[in-house]
Each structure stands twice: as structure tokens, then as C-alpha cells.
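The lines below spell out each chain.
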Amino acid sequence: MILPDPQTILAELATCTTEDQLKDFFSTYLGKKGSVNGLFKQLKDLSPEEKKTKGQEIKALFDSVNNAFMSQQDEIKRAYRDQKLSEEIVDISTPSNPLPLGHANLQNQLRRTVEQIFQGMWFHIEYGHDLVDTFENFSSVNIPPTHPATEMHDTLYVNGESKEWQKLMMRTHTSAHQNELIRKYGPACKIMIPGKVYRNENLDASHDVAFWQVEWVVIDKWLSIGHLKGMMEQILQGILETDQVELRLRPAYFPFVEPGFEIDAKAQVWGKDKRLEILGAGMIHPSVLEQAGVDPNEYSGFAFGLGMTRLVAIRYGLSDIRLLTNGDLRFAKSF
Ligand code: DAH
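Residues numbered from 1 in each chain as written. Predicted model: local features only at pLDDT ≥ 70, side-chain atom pairs only at ≥ 80, totals over all residues. Heavy atoms only, no water.

Under the defined criterion, the tally for this structure stands at 11 aromatic pairs. Look at Phe302 and Phe304: their rings are 6.0 Å apart centre to centre, the planes differ by 25 degrees, and that puts the pair in the stacked class. What makes Phe304 buried here is its relative accessible area of 1%. Taking the centre distance of 5.1 Å and the plane angle of 70 degrees together, the rings of Tyr316 and Phe335 count as edge-to-face. Of this pair, Tyr316 sits in helix α11 (residues 308–316) while Phe335 sits in the segment after α12 (329–332), placing them 19 residues apart in sequence. For Phe335, a relative accessible area of 35% puts it in the partly exposed group. Clustering of aromatic rings is evident, with ring pairs tying together Phe118, Phe123, Trp216, Phe302 and Phe304. (Phe/Tyr/Trp six-rings, centres within 6.5 Å; stacked < 30°, edge-to-face > 60°. Buried < 20%, exposed > 50% of the residue type's maximum accessible area, 1.4 Å probe, protein only. Helix = DSSP H or I, 4+ residues; strand = E, 2+ residues; numbered from the N terminus.)

In C-alpha cells, the structure reads:
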């Protein structure tokens, strides 16, 4: 029996560069039907002596081809993996495509600024809810539902079958939460209520069906119009970002305050001299306090309401307040 030359076999192995070629090589030489593996079967025809020597030679040949095969296989696998890794490389330092991020709209931006000012003055901030009942919106602040004052607030009622539903309405002012919140916190208390309010308006550049108001309620002993004016001045200075605010109080009728005022502020508003009519205010009416469980002989309070949407329109010189809500991205993105 003549054994094949291992050098020829190893030279052939060296030419294998792919896994397929390796597979073919394996079945030609090392597999069950492979020629090197097949040599073992021929041993059975030999004498016991020859079996021993030839057996060792065949084993040595088989081992050397098999070891070379294994390391060639490792080599090919490694080369394949290296190539894949270099092709699929992810460069984490490449800048990503920027995601379009939204931002708070102008009303929310100003609301947050105002909230910060009042948090600093230890006010509770409450948002109430958009749907209220007629007691909250009207009766609790001294406006019986049939009162002519309700006509100042063209109301959106809920269209419902039951008596309970018929009492529900979209709040027409943030004053609707005075009663509930005075009960919750007072007396004495300082509360700020920012919120959207709803009115059945004929829409135009300065009227929308919904707009933002902020309401403030302060209750303590010995409060006077002087306190009201002083606090108002400070507040407007904060909101308008100036220390030059001149207030003018004009008597006005609001059923929930006595006396009541409309307040104009003369101020340098972001660089321009302006007179703003943005606030309603007054000393809280004794019967409003009483309804909220506060003794008007012991405590007094003042309340004021600000049209936030108006203020935003003045601040940014908007020609139409509906720009704030109509979802036009060209407008929203410009701030
Ligand atoms: N609730 C009033 C409105 O919607 C605004 C207002 C006026 C609020 C006077 C007050 C106030 O607290 O004292 O027009």
C-alpha cells in the first residue's frame, strides 16, 4: 500500500479560500468516503505487523491533513467575519438627522412665565376644569343664571337629556373656580387659576370661541384696595418685564366684587409705550365669601382676572388672535 504524498494534499488545501471549497476538500479526503479516511479500511487485508506500522503512518497522515484542515477552516471563518465587520461598521460619530422638536405655543410660554412669578410669591396654582355647572360659573360668584350679567358671557351649554346634564356648561370665566378653591385653601389663601374659557362669540380678529384667562384670589384679614393695587403693580411689572408700570383704576361692574374696577396699565411694553386694558379686579363681594364658607366680618379678599390671550396678542403684535389656535405651522414655527 502506497500512501499519497501529504505535500500535494496540503498544497491543494492551501488553494481553498471559501467554505464551499473547504467542504469539497473535506469530503474528498477526510469524510466517510474520503481517500485519506478510506486508507484505514485497507488495513484489514494486511498482516498484523504491517497493520501496526501502516496504521501509524496512516494515522499520522490523517492527523496532519485534519489539523491543517481545521486551522484553514478557522482562518477562513475569521477572514469572513473580519470582512463583514469592516463592511458593516457603524460610525457613531456621524451626526444624526435632527428630529423635528415641537415647542410650547405662545400662550403656554407666557402662562409658564406668569406661573413662575406667582410660585415665587407662594400662590397655589390650580387649573380647574373646562366643563363646570351653572352654580360654579354663575351662582357661586353672585350671578343668578337669569341675571343680566350672564348676557355679557354668551354661554355654551351642554346639550343633554337629564336635569344634571342641563346644568353643565363650558366655563365662561376662570372666576368659576373661586368658590371651590377658597373652600379648599382658605382663609387665608393666595390662589392663581390659569385656564381656557369659552364663549359663544361672533368670531373675528379679536374674538375666538376659546381664550385664556388667569384669575387670582387673595384672602386674608385686613386686606384693602391698597394691597390690591400694590400686588397688581408688582405682577404687571413681572409680566411686562419692566419696573415702570402706572396703574389706573376705573370703577366697573362685576357681580362678584364690590367695589369693582377695570384696570389700565400704562407701561413701556417691550420697548413701546402702551396703555393696556387687560384686567378686571375688585374686593371680593361679601356674599361670595359667605358662600365659600368664609366670614366676611373677619376676612376680606381681592380677586382679579386677566385676559392672557389679549396680553399675548399685545406682546407679539398679533393682527388676529385666531393665529394662536388655527394650527398654522408657519406661524407656530416662527416663535
Ligand atoms: N371674570 C371676569 C370676566 O371674565 C374677569 C374678572 C373681573 C375677574 C373682575 C375678577 C374680577 O376676579 O375681580 O370678564
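What follows is about the pattern of salt bridges. Within this structure, the stated rule accounts for 16 salt bridges. Linking Arg248 and Asp264 is a salt bridge whose minimum nitrogen-to-oxygen distance equals 2.6 Å. Taken together, the residues span a long stretch of sequence, with Arg248 in strand β6 (residues 245–251) and Asp264 in strand β7 (residues 257–269) at a distance of 16 residues. Residue class for Arg248 comes out partly exposed when judged on its relative accessible area of 39%. (Salt bridge = Lys/Arg side-chain N within 4 Å of Asp/Glu carboxyl O.)

On to the pairing of strand β9 (residues 300–307), then. The buried fraction of β9 is high, at 8 of 8 residues. Where strand β5 (residues 210–220) and β9 come together, 8 bridges link them in antiparallel fashion. When the bridges of β9 are listed, Gln213 appears paired with Gly307. With 5 bridges joining them, strand β8 (residues 272–284) and β9 adopt antiparallel strand pairing. (Pairing = 2+ DSSP bridges.)

Before going further, it helps to spend a moment on the environment of Lys190. Along the polypeptide, Lys190 turns up in strand β4 (residues 189–198). Each C-alpha atom, one on Lys190 and one on Gly301, is 9.6 Å from the other, the two residues being 111 residues apart in sequence. Residues within four places of Lys190 in sequence aside, it is in contact with Met121, Trp122, Phe123, His124, Val217 and Val218. (Contact = heavy atoms within 4.5 Å.)

On to the sheet that holds β7. Pairing is mixed in the open sheet, where 7 strands are placed in the order β1-β4-β5-β9-β8-β7-β6. Strands at the two margins of the open sheet, each flanked by one partner only, are β1 (124–125) and β6. As defined by bridge partners, β7 adjoins β8 across 11 bridges and the pair is classed as antiparallel. When the sheet's bridge partners are listed, Ile263 is paired in β8 with Leu279. On the sheet, helix α9 (residues 225–240) packs against β5, β6, β7, β8 and β9 and is oriented at approximately 135 degrees with respect to β6. (Axes fitted to C-alpha atoms, helices over the stretch in contact; angles between N-to-C directions.)

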